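# Fold and geometry: a report
The lines below spell out each chain.
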Amino acid sequence: MNQQWQAAFGQMTYGIYVLTAMMDDTVNGMIASWVSQVSYDPPLIMAAVHPNRYSHDMIVNGRAFGLHIIDQSQKALLGRFKGPDPGKKFSGMDWKPGKTGVPILKDCLAWFELQVIQHHQPGNHSIFIGTVVDADVQSQGNPLSTQDYEGMYVGKN
Ligand SMILES: Cc1cc2nc3c(=O)[nH]c(=O)nc-3n(C[C@H](O)[C@H](O)[C@H](O)COP(=O)(O)O)c2cc1C
């Protein structure tokens, strides 16, 4: 195979989401774009998370994650949800624990709370498939996507 696969991956468009997790009373959040609906009956969503993310083992142990659709005006969240200090990520943010305990952010367009029903490791990311246990639409807007993420998205994250 030629090496164009990576450039071709870079042309794929994804939403940019805030994924949240909880384990032993510690909460965390990360930016995730490799996310998709995979069924509507039952409602299922998958997220691909690299094992070296702090969130990864929290999802494995907590068997749940939250997923937030954010507006284009919330690009600053990309910086907030980087790095190893979970406390800093949530400081000053309005959130509540969902049914599974994962953080649900108030300020977003819509959110899902997912119970993990399958965990696959087909490549260098784990795929977590979750069934929707709760969800809500908070406001209307323009969802942030990789098309708003100039120059930095190259098919790797
Ligand atoms: C636009 C964007 C999309 C990303 N998508 C993913 C993704 O789908 N899966 C993943 O494992 N990491 C993804 N990342 C990287 C994680 O957000 C980043 O490594 C984060 O710091 C992990 O946080 P944690 O180690 O506290 O869990 C993405 C980063 C950005 C900026």
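These figures come from a predicted structure and were not determined experimentally.

Procedures and definitions
Residues numbered from 1 in each chain as written. Predicted model: local features only at pLDDT ≥ 70, side-chain atom pairs only at ≥ 80, totals over all residues. Helix = DSSP H or I, 4+ residues; strand = E, 2+ residues; numbered from the N terminus. Rg over C-alpha atoms; globule rule 2.2 N^0.38 Å. Near = placed C-beta within 6 Å. Nonpolar A, V, L, I, M, F, W, Y, C, P; charged D, E, K, R; others polar. Pairing = 2+ DSSP bridges. Axes fitted to C-alpha atoms, helices over the stretch in contact; angles between N-to-C directions. Contact = placed C-beta atoms within 7 Å. Buried ≥ 20, exposed ≤ 12 C-beta atoms within 10 Å, placed from the backbone. Core = buried A, V, L, I, M, F, W, Y, C linked by C-beta atoms within 7 Å. Arc of directions from axis to C-beta.

## What to know about the overall build of the chain
Secondary structure summary: the chain contains 4 helices and 9 strands in total. Counted from the first residue to the last, the chain has its helices and strands arranged as α-β-β-β-β-α-β-α-α-β-β-β-β. For 157 residues, the compact-globule estimate of 2.2 N^0.38 gives 15 Å, and the C-alpha radius of gyration of the chain, at 15 Å, lies within 12% of that figure. For the C-alpha atoms alone, the extent of the chain along its principal axes is close to 45 × 35 × 35 Å.

## Quick notes on the site of the ligand
Surveying the vicinity of the ligand reveals 18 residues, the closest of which are Met-30, Trp-34, Arg-53, Tyr-54 and Ser-55. Listed by contribution, the elements that provide at least two residues to the shell around the ligand are strand 2 (26-32), strand 4 (43-49) and helix 2 (54-62). The class makeup of the residues in the shell around the ligand is 10 nonpolar, 6 polar and 2 charged.

## Some details on the sheet that holds strand 4
Spatially, 2-1-5-8-9-4-3 is the arrangement adopted by the 7 strands of the open sheet, whose pairing is antiparallel. Looking at which strands have only one partner, the edges of the open sheet turn out to be strand 2 and strand 3 (35-40). Within this sheet the neighbouring strands show an average axis-to-axis angle of 30°, counted without direction. Here helix 2 sits on the sheet in contact with strand 1 (17-23), strand 2, strand 4, strand 5 (64-69), strand 8 (110-120) and strand 9 (126-137), set at roughly 55° to strand 1.

## Some details on the pairing of strand 5
Of all 6 residues in strand 5, 6 are buried; the element is thus mostly enclosed. Here strand 5 shows no split at all, with Ala-64, Gly-66 and His-68 on one side and Phe-65, Leu-67 and Ile-69 on the other all buried. By the bridge criterion, 4 bridges tie strand 1 to strand 5 in an arrangement that is antiparallel. Its bridge partner lying in strand 5, Val-18 is registered against His-68. As defined by bridge partners, strand 5 adjoins strand 8 across 6 bridges and the pair is classed as antiparallel. Opposite Ile-69, over in strand 8, you have Ala-110 as the bridge partner.

## Some thoughts on the environment of Lys-88
The topology assignment puts Lys-88 in helix 4 (residues 86-90). Here Lys-88 falls in the exposed class, since 11 other C-beta atoms lie within 10 Å of it. Remark: the alpha-carbon pair of Lys-88 and Val-102, spanning 14 residues in sequence, is separated by 16 Å.

## Focus on the nonpolar core
Within the largest apolar cluster, 30 residues are counted, with the highest numbers of intra-cluster contacts made by Tyr-17, Val-18, Leu-19, Ala-47, Phe-65 and Leu-67. Of all the secondary-structure elements, those providing two or more residues to this core are strand 1, strand 2, strand 4, helix 2, strand 5, strand 7 (103-105) and strand 8. It is strand 1 that provides the largest number of residues to this core, a total of 5 residues. Those residues in contact with Ala-47, other than ones at most four positions away along the chain, are Leu-19, Ala-32, Trp-34, Val-35, Phe-65, Leu-67 and Phe-128.

## Some details on helix 2
Within the span of helix 2, buried status applies to Ser-55, Met-58, Ile-59 and Gly-62. The arc enclosing the buried residues of helix 2, seen along the axis, measures out at 100°, which places them on a common side. Buried residues belonging to helix 2 abut strand 1, strand 2, strand 4, strand 5, strand 8 and strand 9.

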